[in-house]
Amino acid sequence: MRVGGMALYPFILLKEQRFKYDKAFINHERIHLRQQLELLILPFYLLYLLNYLFNLLRYKNHHKAYMNIAFEREAYRNEHNFNYLNTRKFCTFLSYF
Ligand SMILES: [Zn+2]
């Protein structure tokens with residue numbers, strides 16, 4: 001998820017049309033779709049929320065809590081690598097916790 005975008009398997013929801021042409025933006029959301037698939041969708045949202053709440057207690061700051069969600073760390077770190085999803089190993093998000 002980035003501001004204006006959300007991955008809701010199997011869709012990527014965009015607040016504005018122009019995001020469609022932002023390759024890194026779309027790649028970021030596609031990385032989330034892969035994470036969601038690996039966690040069989042629903043557990044992803046639960047883990048995402050728990051990870052956020054845990055981070056919020058830890059950092060007491062929304063932005064920092066969000067940026068440190070393991071799923072976001074993987075997505076932000078690799079969103080500019082357009083070959084990432086072709087080479088990524090199964091459940092790589094685990095290494096970002
Ligand atoms: Zn994201």
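Look up a bit, the structure's there.
Residues numbered from 1 in each chain as written. Predicted model: local features only at pLDDT ≥ 70, side-chain atom pairs only at ≥ 80, totals over all residues.

Peer 1: Go over the overall build of the protein, please, and point to the residues and values.
Peer 2: The number of helices and strands found in the protein is 5 helices and 2 strands. The order of helices and strands in the protein, counted from the N terminus, is β-β-α-α-α-α-α. Relative to its length of 97 residues, the protein is compact, with a C-alpha radius of gyration of 13 Å against a globular reference of 13 Å. Over its C-alpha atoms, taken along the principal directions, the protein stretches across nearly 35 × 30 × 25 Å. Burial statistics for the protein: of 97 residues in total, 19% are counted as buried. In the protein, of all internal contacts separated by at least 6 residues, the share reaching a separation of at least 24 is 44%. (Helix = DSSP H or I, 4+ residues; strand = E, 2+ residues; numbered from the N terminus. Rg over C-alpha atoms; globule rule 2.2 N^0.38 Å. Buried ≥ 20, exposed ≤ 12 C-beta atoms within 10 Å, placed from the backbone. Contact = placed C-beta atoms within 7 Å.)

Peer 1: Which residues make up the packing of helix α1 (residues 23–38) against helix α4 (residues 70–78), and what values do they have?
Peer 2: Following both chains from N to C, one finds α1 and α4 inclined at 140 degrees, their axes separated by 9 Å at the closest point. Relative to α4, α1 is oriented oblique. Seen along the crossing, α1 lies across α4 with a hand that is right-handed. Of α4, the residues touching α1 (which contributes H28, I31, H32 and Q35) are F71, E74, A75, Y76 and N78. (Axes fitted to C-alpha atoms, helices over the stretch in contact; angles between N-to-C directions. Parallel < 35°, antiparallel > 145°, perpendicular 65-115°, else oblique. Left-handed = near helix turned anticlockwise from the far one by under 90°.)

Peer 1: If you had to explain the environment of V3 to someone new, which residues and values would you point to?
Peer 2: When you line up the elements, V3 lands in the segment before β1 (5–8). Looking at V3, the number of C-beta atoms within 10 Å reads 8, which means it is exposed. For the pair V3 and I41, spaced 38 residues apart in sequence, the C-alpha to C-alpha distance is 21 Å.

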